[in-house]
Amino acid sequence: MVLALWGFGSIESARAQDAALAAPTGLKAVDHPNDVGTSVDLTWTLSVDDNARAQPRVVNGYEIYRSLVDGDEREMVGEVPYGVEKFTDQQCTAGVPYLFEIISVGTGEQRSEPARLAKPITPIRQWIDRSRAWFGVIVVLVCGAVILFTRLARFGKATYVREIAGLQAIDEAVGRATEMGRPCLFVPGLQDMNEIPTVAGINILARVARTVAEYDATLTVPTARSLVMTSARETVQASCLAAGRPEVYDENLVYYVSDEQFAYVAHLTGYMVRERPAACFYAGTFYAESLILAETGNSVGALQIAGTAEASQLPFFVAACDYTLIGEELFAASAYLSREPQQLGSLKGQDAGKLLAGALLIVGCALATWAALAGNGSPAESMLVFLKDTILGRGGAG
Amino acid sequence: MKSTIPWLIAAATGFVMIAAYFIPAAQGWQGEVGTWFEILAAFAFVLGGANLFAYHLGKISARRAGWGYSGVTLVAFLVTLAAGMLKLGVPAPDRYPTNAWAGDFQFEGSVSWWLYWYLYNPLNATMFALLAFYVSSAAFRAFRAKNTEATVLLVTAFIVLLGRTYAGAWLTSSVPENYSALTFPGMTAIILAVGNTAGQRAIMIGIALGVAATSLKVLLGVDRSYLGSDGD
């Protein structure tokens, strides 16, 4: 009985291979959205012979061909395996109408008749990526608020800024180092100048270097990137000049160590143990080395002030340092320390951004609660999906 | 001019990056800007190497504290540089059988490869391993119940630490299924999913806004302290 069934199956599969392959149907093409007009998205319905359970497989895949409207320049633009119902041709030219064909591919040379596109498709160049429109709106609102409050501050509108203990302690830390006759150490983190936390760290360095110059203390700045070293040298030199002490600037104290994370850490910890700095400042991007640095600084009795935008490293700095600038405080430091009205105005703009984020959070929570109470298909669910997927989701702020 | 020209370059690059995010036709510009940065970074490597050499040489000649380590650094620097540039131990590739310099410097068995795997990697791992000891000493200090906040931290840390071990699950295994939130793993999950996540997200929102505002200040030239001098 089993043999008979096996034999029947073999005969059926042999017949399937002998018969003409069925072509896929319903070939459709649409211009790929939000691109420069070089892509076309194709979809189709699988060939009836593309059966996942057939053994051996009758259809092994599909070949996709593209040609101009008059049939010229016909070429295969892609192959996809069985069971796949879509393909994106990314080699088109914007504004040129194309025709597409798709063919089922069987064993060996076996090919189906082509399924053709009913009418030509012309890829079009889009000037604006509309999927990112909501993100654009949020950027305009936040940046608009920053610019508005910066302008207002320029015209004399006073801005209140709360006290940031870590920044107020800079003078204390440098004063302590001066009294003890020990150096100050500034670590600008691991990243290069193209990272905003590094820029924020260098802005803090400007203030630290100025205080050091005023107090006639010593400041050492080992860097992990040579571009950061160049920038830090310029900053320290300008700060010494601003403090009226250009002669105290020593470029040899701002030097490059290594791009390698733990080589840099080894140098810093060695320096701390040998030179025993009285004040250590960490401002920039830090990863696993944050705790090694802060604990070593702690062990040599340094007063430590740290600031980073890496949320995962904040607990380590909080545990081992005397003061920690948490997240946004690192970016607010430049404005806080300089007390320039324009910069303080930008902090007010950030607050407007926080209001917007808070409002979105409240709306989201309210919609989620309403949707949970009202059940599937409620207007609240649609609004929540729109908020999550369109405004905050793909292409949005999320 | 000293800070204006660098600011103009930074502003132009920044606005190009923003435009490229919203304009499909300009998306290639992001790559161009990235390539320019890579070129700059390549020159910076030379600058960094020269500075490293000069700094440690100066330290050795002045016999400053730790000058012996500077000697080790210089020897390691020169040996690694020579092994990589001269492609020591790299066999000639099939395509250019008479020219060993055409081979890959990372070839398995080459001097560079050996230095990386048998010197650099173990040293790196050793430094990383030190973290375990530092975590212990930091935790000992952080978890002392000096005041109310420190006590809350201590209790929370105790629950989370215990909840992530087998002992935590075993200690509260007799708690009925309906009250699983009261087990150590259950309380840990709630603390991480509710308290910890909410705190982290609040910090992340602040950081994102701070990055946006700082970027804008850099682009508009409001804050030029990173360029060395505000004045021209």
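Residues numbered from 1 in each chain as written. Chains lettered and ligands numbered in written order. Predicted model: local features only at pLDDT ≥ 70, side-chain atom pairs only at ≥ 80, totals over all residues. Heavy atoms only, no water.

Caption draft 1: Structural context of the state of the cysteines. Residues and elements named next belong to chain A. One pass over the structure, following the stated rule, counts zero disulfides over all chains. In this structure cysteine 184 is a free cysteine whose sulfur lies 8.6 Å from that of cysteine 280, the closest cysteine sulfur available. Residue class for cysteine 184 comes out buried when judged on its relative accessible area of 0%. (Disulfide = S-S within 2.5 Å. Buried < 20%, exposed > 50% of the residue type's maximum accessible area, 1.4 Å probe, protein only.)

Caption draft 2: Region of interest: the interface of chain A and chain B. With 71 residues of chain A in contact, the opposing surface of chain B contributes 55 residues. Where chain A abuts chain B, roughly 5,300 Å² becomes buried across the two surfaces, and 68% of that area is made up of carbon and sulfur atoms. Considering only the surface of chain A that becomes buried against chain B, A:Arg132, A:Phe262 and A:Arg274 emerge as the three largest contributors, covering 11% of it. Summed over the shared surface of chain A and chain B, the result is one salt bridge. With a shortest N-O distance of 2.1 Å, B:Arg141 and A:Glu295 are connected by a salt bridge. (Contact = heavy atoms within 4.5 Å. Buried area = accessible area lost by both parts, 1.4 Å probe. Salt bridge = Lys/Arg side-chain N within 4 Å of Asp/Glu carboxyl O.)

Caption draft 3: Geometry of helix α5 (residues 148-163) of chain B. Residue and element names in this part refer to chain B. With 16 residues, α5 extends 22 Å between its outermost C-alpha atoms, agreeing within 8% with the 22 Å of an ideal straight helix rising 1.5 Å per residue. Those residues of α5 that fall on the buried side of the exposure criterion are Ala150, Ala157, Ile159, Val160, Leu162 and Gly163. On its buried face, α5 is in contact with α6 (166-171) and α7 (184-220). Capping of α5 at its N-terminal end is provided by asparagine 147; its side-chain oxygen lies 3.3 Å from the backbone amide nitrogen of glutamate 149. (Helix = DSSP H or I, 4+ residues; strand = E, 2+ residues; numbered from the N terminus. Expected span 1.5 Å × (residues − 1). Polar contact = N/O pair within 3.5 Å; in protein donor to acceptor, adjacent residues only side chain to side chain.)

Caption draft 4: The arrangement of the layout of surface pockets in detail. In this model, the second largest pocket occupies a volume close to 2,000 Å³. Lining the second largest pocket are 42 residues; nearest its centre among them are A:Ser258, A:Ala263, B:Ala76, B:Thr80 and B:Tyr120. Counting only elements with at least two residues in the lining of the second largest pocket, the list comes to α6 (261-275) of chain A together with α2 (27-61), α3 (67-85) and α4 (111-142) of chain B. (1 Å grid on protein atoms, 1.4 Å probe; cavity = no way out; pocket = protein on both sides within 12 Å on 5 of 7 lines; lining within 4 Å. Points joined across faces, edges and corners; volume = space filled by probe spheres on them.)

Caption draft 5: Quick look at the confidence of the model for chain B. Mean pLDDT over chain B: 88, with 97% of residues reaching 70 or higher. Mean pLDDT across the secondary structure elements of chain B bottoms out at helix α1 (residues 4-22) of chain B, with 87, and peaks at α3(B), with 93. (pLDDT = per-residue confidence, 0-100.)

Caption draft 6: Geometry of the packing of aromatic side chains. Counting across every chain of the model gives 18 aromatic pairs over all chains. With 6.0 Å between their ring centres and 55° between their planes, A:Trp44 and A:Tyr62 make a pair best called tilted. Taken as a pair, A:Trp44 in strand β2 (residues 40-45) and A:Tyr62 in strand β3 (residues 61-68) lie far apart in primary sequence, 18 residues in all. Ring geometry for A:Tyr98 and A:Phe100: centres 6.5 Å apart, planes at 55°, overall tilted. In this structure A:Tyr98 comes out as buried when scored by relative accessible area, which is 6%. Of the residues examined, A:Phe100 reaches a relative accessible area of 1% and is grouped as buried. Of the aromatic side chains, those joined through ring pairs into one cluster are A:Phe135, B:Tyr21 and B:Phe22. When the ring centre of A:Tyr82 is taken as reference, the NZ or CZ atom of A:Arg57 above it lies at 3.6 Å. One Lys or Arg, A:Arg339, reaches over the ring of A:Tyr336 and ends 4.5 Å from the middle of that ring. (Phe/Tyr/Trp six-rings, centres within 6.5 Å; stacked < 30°, edge-to-face > 60°. Lys NZ or Arg CZ within 6 Å of the ring centre and 35° of its normal.)

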